[in-house]
Amino acid sequence: MQITPQQVENCLQVCKACLKACNECYVACLQESELDTFRDCLLIVRQSAEICMLAISALSLDSMFSSQICKLTAEICEACAKICSQHEQDYCQTCAQTCYQCAAACREMVVH
């Protein structure tokens, strides 16, 4: 399967959007009065943001490891989406949606 430049560009843009949504979710969760309720969310959105930054870097550099990094990014973003979707806050729901989109775009980058 040949990956097109359009697929790479799409994945880059979706990873950037996911990074932004994860960071916004993280900051908003820290403002919650019942912080302990958001412990799992806080941990996974940081991991998702970090792996998105790595994916952005790998894709931008046309790294030989882009496929493996995107595979891991998809797994982490999907885990993040599942946890965030359990919270009713708008920022958690936005993060979940964006993470699901990122996971799908990253899966398209995985070479079998």
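This section reports on the structure supplied with the text. Note that the structure is predicted; figures quoted are calculated from it, not measured. (Residues numbered from 1 in each chain as written. Predicted model: local features only at pLDDT ≥ 70, side-chain atom pairs only at ≥ 80, totals over all residues. Heavy atoms only, no water.)

### Considering the overall build of the chain
Note the threshold: Helix numbers and strand numbers start at the N terminus; a helix is a DSSP run of H or I with at least 4 residues, a strand a run of E with at least 2. Only C-alpha atoms enter the radius of gyration, while the globule expectation follows 2.2 Å times N to the 0.38, with N the number of residues. By the convention used here, residues are in contact when the closest approach between their heavy atoms is within 4.5 Å. In these tables, accessible area is a Shrake-Rupley quantity obtained with a 1.4 Å probe, and a residue counts as shielded only by the protein chains included in the view. Counted as positive: Lys and Arg. Counted as negative: Asp and Glu, with His and the chain ends omitted from the count. The location of each charge is read from NZ of Lys, CZ of Arg, CG of Asp or CD of Glu.
Summing up its helical and strand segments, the chain has four helices and zero strands in all. The C-alpha radius of gyration computed for the chain amounts to 14 Å, which stays within 12% of the reference 13 Å derived for 112 residues, consistent with globular compactness. Taking the principal axes of the C-alpha coordinates as reference, the chain spans close to 50 × 20 × 20 Å. For the chain, restricting intrachain contacts to residue pairs at least 6 apart in sequence, the fraction spanning at least 24 positions comes to 71%. Surface accessibility of the chain: about 6400 Å² in total, with carbon and sulfur atoms responsible for 55%. Positive and negative side-chain charges of the chain, numbering 7 and 13 respectively, have mean locations separated by a distance of 5 Å.

### Some remarks on the packing of aromatic side chains
Think of a pair of aromatic rings as described by two things: how far the centres are apart, and how the planes are tilted against each other in angle. Counted only if it meets this: Each Phe, Tyr or Trp ring (for Trp, its six-membered ring) is paired with any other whose centre lies within 6.5 Å, and the angle between the two planes then decides the class: stacked below 30 degrees, edge-to-face above 60, tilted in between. Any Lys NZ or Arg CZ that is within 6 Å of a ring centre and within 35 degrees of that ring's normal is treated as a charge sitting over the ring.
Enumeration according to the criterion identifies zero aromatic pairs in this entry. Here the basic side chain of Arg46 rests over the ring of Tyr26, its NZ or CZ set 5.0 Å away from the ring centre.

### Brief notes about helix α2 (residues 39-60)
Note that an α-helix has 3.6 residues per turn; residues three or four places apart therefore point the same way. Selection rule: Take the residue count of a helix, subtract one, and multiply by 1.5 Å to get its expected span. The buried label applies to any residue whose accessible area, calculated with a 1.4 Å probe on protein chains only, is under 20% of its type's maximum; exposed applies above 50%, and partly exposed to all values in between.
Here α2 is 22 residues long and its end C-alpha atoms lie 32 Å apart, about the 32 Å a rise of 1.5 Å per residue gives. By the burial criterion, the buried members of α2 are Cys41, Leu42, Ile44, Val45, Ser48, Ala49, Ile51, Cys52, Ala55, Ile56, Ala58 and Leu59. In the core, the buried residues of α2 are packed alongside α1 (5-30), α3 (66-84) and α4 (90-107). After α2 finishes, the residue Asp62 shows a positive phi value of roughly 55 degrees.

### Regarding the nonpolar core
Note the cut-off: What makes a nonpolar core is a set of buried Ala, Val, Leu, Ile, Met, Phe, Trp, Tyr and Cys residues whose side-chain atoms join them at distances within 4.5 Å.
Core analysis: the largest hydrophobic core is formed by 38 residues, its most contacted members being Val45 and Cys84. Counting only elements with at least two residues in this core, the list comes to α1, α2, α3 and α4. Looking at this core element by element, the count peaks at eleven residues for α2. Not counting residues up to four positions away in its chain, the partners in contact with Cys84 are Cys25, Cys41, Val45, Cys92, Gln93, Cys95 and Ala96.

### Here we look at the pattern of salt bridges
Selection rule: Throughout this description, the term salt bridge denotes a Lys or Arg side-chain nitrogen within 4 Å of a carboxyl oxygen of Asp or Glu.
Applying the stated criterion across every chain yields a total of six salt bridges. Here Arg46 and Glu50 are joined by a salt bridge, their closest N and O atoms 3.2 Å apart. Here Arg46 pairs with Glu50, and both are found in helix α2, just four residues apart, close to one helical turn. The partner of Arg107 in a salt bridge is Glu78, and the shortest N-O contact between them spans 3.0 Å. Remark: Glu78 occurs in helix α3 and Arg107 occurs in helix α4; sequence separation between them is 29 residues. Linked by salt bridges that have partners in common, Glu78, Lys82 and Arg107 make up one network.

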